[in-house]
Amino acid sequence: MSHGDRTDLRERAADFLAAVYRDDLVRFPFSTLYEGGAYPSRYDHPLAVRYTLITALGVHRAAAGGLAHPLTERAPELVQRVADVHGPQLRSEADAGLLLLALAEAGVRPTEQAELVARIRRAAEAGRARGLTMQDLSWMLWGAVEAARGGVPGAGDAAAAVQRLVAAGFTSRHSALPLHSPARARRRLVSFGSLTYFLRCQLEWARWAGDEQAAGRFGTALATTLGLQGRAGEWPWLLDTRTAAVLDAYPVFSVHQLSMAMLFLRPAAAEGHPGAEEAVERSFRWVRGENDLRVPIVVDGGRFIYRSIEETDRWARAQRYARTTRRALLRRSDAWGTRRRVRLNPESRSYEWGWLLYAWADGAAMPPVAGS
């Protein structure tokens, strides 16, 4: 595949997002299927707002990186409209962090940025450790750091308050992995998604603050994370924070393979961390079809990306957490060598495309996403 083919996935992502965006709702969809070249989508799920925040962020990042597309030409307007419609209704500090990150990267609405900074600092200083998760704190910290780079008053103090909470209450004493939550029910479990955002926010904080301890924490956690990657480059779903073992391998998500892992792997590779560049290449092997089902995940020339390969039982999330908690307590891991009955999840989520645009916004050539 030529370099043109490789970078075309960004253009395909912009094509897809332009096709599914609802201007009347100012929303990207929660979920989408691919039927006969059409994209039937669902917009009424509460998470559609969060997905819209992430996707608008990715579109703006791609525009700043030079991607020429009718959608990216609208990036400044898109960020502003998302802030207008959804900003006043954000219920979580996580979403406040995402909106702050988008506004700070766009360099707009300094008054609103300052309000979001104050909200984030209040949440961190209130000590609401049992109500916030690692994902929440990561987005809060990332947004506050970016606002601090832009000179928003109080943003540096807000970022420092969040970082103190991360270091004091969300860092495992037993492994390099973060805690999803200090709450007893989830203390032993952390998802790969939360780990991804933890790594990125620690990198952002270390770079801005010159914090050598955070930089060391990033390096140690990165080395542990690289050891979790499967033989075909797949990233697992749930991990044991005490032992750093894989507790539940499935689902394996395309967003982890194509973009979320890239949020820490690509900066790590640029800094010369051993194994990071190779991990990027292995991630794409799974996408190309070196997976349990031997199917390509990116199809029809990049017009659609399947969401995941998952177990056929599809237990309720609460049941699966209970099962993996028992595994953790019994010190039983779910190694990659243990294969179970799996199937393809044929839907897609808009935020997957948004993170893809964000992670590859610099226009660097991606590894091939289709077999030779």
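Up top is the structure.
Let us look at the structure shown here. (Residues numbered from 1 in each chain as written. Predicted model: local features only at pLDDT ≥ 70, side-chain atom pairs only at ≥ 80, totals over all residues. Heavy atoms only, no water.)

From N to C terminus, the chain includes 15 helices and 10 strands. Looking at the chain residue by residue over its 372 residues, the buried ones come to 58%. A sequence separation of at least 24 residues applies to 71% of the contacts in the chain between residues at least 6 apart. Just so you have it, the chain exposes about 14900 Å², and 48% of that area is on carbon and sulfur atoms. (Helix = DSSP H or I, 4+ residues; strand = E, 2+ residues; numbered from the N terminus. Buried < 20%, exposed > 50% of the residue type's maximum accessible area, 1.4 Å probe, protein only. Contact = heavy atoms within 4.5 Å. Areas by Shrake-Rupley, 256 points an atom, 1.4 Å probe, with all protein chains shown as cover.)

Moving on, we come to the nonpolar core. Residues Leu 137, Leu 265 and Trp 355 are the most contacted members of the largest nonpolar core, which totals 124 residues. When residues in this core are grouped by element, the largest group, 10 residues, is from helix 7 (residues 134-149). Excluding anything up to four places from it in sequence, Leu 137 contacts Leu 132, Val 162, Leu 165, Val 166 and Phe 170. (Core = buried A, V, L, I, M, F, W, Y, C linked by side-chain atoms within 4.5 Å.)

So, about the sheet that holds strand 5 (residues 246-248). Pairing is antiparallel in the open sheet, where 3 strands are placed in the order 3-4-5. With partners counted over all chains shown, the strands left at the sheet margins are strand 3 (189-191) and strand 5, one partner each. Here the strands of the sheet are splayed against their neighbours by 40° on average, with no regard to which way each runs. As paired elements, strand 4 (residues 238-240) and strand 5 share 2 bridges and run antiparallel to each other. Within the sheet, the bridge partner assigned to Leu 239 lies in strand 5 and is Val 246. (Pairing = 2+ DSSP bridges. Axes fitted to C-alpha atoms, helices over the stretch in contact; angles between N-to-C directions.)

Locating Leu 53 in the fold gives a position in helix 2 (residues 47-64). If we ignore the near neighbours within four places in the chain, the residues touching Leu 53 are Val 82, Leu 90, Asp 95, Leu 98 and Leu 99.

Once that is clear, we can look at the environment of Gly 37. The residue Gly 37 is located in the loop between strand 1 (31-32) and strand 2 (41-42) in this model. Owing to a relative accessible area of 49%, Gly 37 belongs among the partly exposed residues under this scheme. When the C-alpha positions of Gly 37 and Asp 300 are compared, they lie 9.2 Å apart, and in sequence the two are 263 residues distant.

Our focus in this paragraph is the pattern of salt bridges. Applying the stated criterion across every chain, the model contains 25 salt bridges. With a shortest N-O distance of 3.3 Å, Arg 74 and Asp 23 are connected by a salt bridge. Taken together, the residues span a long stretch of sequence, with Arg 74 in the loop between helix 3 (70-73) and helix 4 (75-86) and Asp 23 in the loop between helix 1 (3-20) and strand 1 at a distance of 51 residues. With a relative accessible area of 31%, Arg 74 lands in the partly exposed category. (Salt bridge = Lys/Arg side-chain N within 4 Å of Asp/Glu carboxyl O.)

Further remarks concern the side chain of His 180. Residue placement: His 180 occurs in the loop between helix 8 (155-169) and strand 3. A relative accessible area of 14% means that His 180 is categorised as buried. Within the local environment of His 180, its side chain forms a polar contact with the side chain of Ser 194, the two groups lying 3.4 Å apart. Not counting the four nearest positions on each side in its chain, His 180 is found in contact with Leu 132, Thr 133, Met 134, Phe 170, Arg 186, Leu 189, Val 190 and Ser 194. (Polar contact = N/O pair within 3.5 Å; in protein donor to acceptor, adjacent residues only side chain to side chain.)

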